[in-house]
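Summary of the model geometry
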Amino acid sequence: MEMDDFSEIINWNNVFKQSENFKTNKLCKFAFIENFFQEDFYKKLFNSYPIFDDSWDHIVTYDKNHWSKKWAGTTTHGIVQDGDDKSLSNEWNLLKKYASTKEFSDNFKKFSNVSVEKLKHFHFIGMSQGGFQLPHVHNVGPSTLVMMLYFSKDWMKGDPGATYIASDLDESSIIFEPYNLDNTLVIFQDSQHAIHGARYLEKDVQRKALQITLEGWSLESGWSGGDPDKIIEERSKNLVEL
């Protein structure tokens, strides 16, 4: 069986150049990485990014308005499973395979000093005119890295729509917001201080992104931040017992 070649996917030199910035950021550990993918591979991802259509979920609630497309076989609450998504290009399937490898997790563990072991989430997040997400935190534990990878060209400096980092649950406290969304990555360590969101997108443009989450995991304990499906199942059992 032919082995997959992952050597031409990511610019690891560019990633590790930002390692010290990530580790030394106060309050919230985060970094912004430009030219994350190697150029040829990025072009193929960019050209085959899935169009916004009825295969996406358009999520509109009081705190967000965005598009979400799960990988084939993903559980109800977002845990990605092994296997390809035949609706997507070879490059997207190769990237997902690579994100599932020990090499990928180990490199980000080295980059961040965060004890991640396994790919937990891998799904597309899009925004169109009127999109936003209010500032919020997840705070599921210290062994979680959240990444937002961007595939949108010609974003204007100062324009909203990308994931920002803030010091409080208010947009007036934004400490970082990227405006280069062409082959870039925002990465942060989950914590009570990892406040993030996206400002209201006024222009008729599309912000195309992929979210990858790496987390601690073991056979004995499962996910360090908990398995959403199991948590909700347990809550349902408790309600029935009540």
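Here goes a summary of the coordinates provided. (Residues numbered from 1 in each chain as written. Predicted model: local features only at pLDDT ≥ 70, side-chain atom pairs only at ≥ 80, totals over all residues. Heavy atoms only, no water.)

With that settled, the discussion passes to the packing of helix H3 (residues 39-47) against helix H4 (residues 90-99). Direction vectors running N to C along H3 and H4 enclose 115°, while the axes themselves pass 8 Å from each other. In this structure, the crossing between H3 and H4 has a hand that is left-handed. Only Glu91, Trp92, Leu94 and Leu95 of H4 make contact with H3, whose side of the interface consists of Phe41, Lys44 and Leu45. Taken together, the residues of the contact of H3 with H4 break down into 5 nonpolar, no polar and 2 charged. (Axes fitted to C-alpha atoms, helices over the stretch in contact; angles between N-to-C directions. Helix = DSSP H or I, 4+ residues; strand = E, 2+ residues; numbered from the N terminus. Left-handed = near helix turned anticlockwise from the far one by under 90°. Contact = heavy atoms within 4.5 Å. Nonpolar A, V, L, I, M, F, W, Y, C, P; charged D, E, K, R; others polar.)

So, on to the environment of Asn25. In this fold, Asn25 is placed in the loop between helix H2 (19-24) and strand E1 (30-34). Here Asn25 falls in the partly exposed class, since its relative accessible area comes to 22%. Of the polar contacts made by the side chain of Asn25, one reaches the backbone oxygen of Phe30; its length is 2.6 Å. (Buried < 20%, exposed > 50% of the residue type's maximum accessible area, 1.4 Å probe, protein only. Polar contact = N/O pair within 3.5 Å; in protein donor to acceptor, adjacent residues only side chain to side chain.)

Moving on, we come to the packing of aromatic side chains. This model, assessed by the stated rule, comprises 30 aromatic pairs. Taking 5.3 Å as the distance between ring centres and 85° as the angle between the ring planes, the aromatic pair formed by Tyr49 and Phe124 counts as edge-to-face. Note that Tyr49 is positioned in the loop between H3 and strand E2 (57-61) and Phe124 in strand E4 (residues 118-127), a separation of 75 residues in sequence. With respect to burial, Tyr49 and Phe124 carry one shared label: buried. The side chain of Lys110 reaches across the aromatic face of Phe16, ending 5.4 Å from its centre. We note Lys153 situated over the ring of Phe46; from NZ or CZ to the ring centre the distance is 4.7 Å. (Phe/Tyr/Trp six-rings, centres within 6.5 Å; stacked < 30°, edge-to-face > 60°. Lys NZ or Arg CZ within 6 Å of the ring centre and 35° of its normal.)

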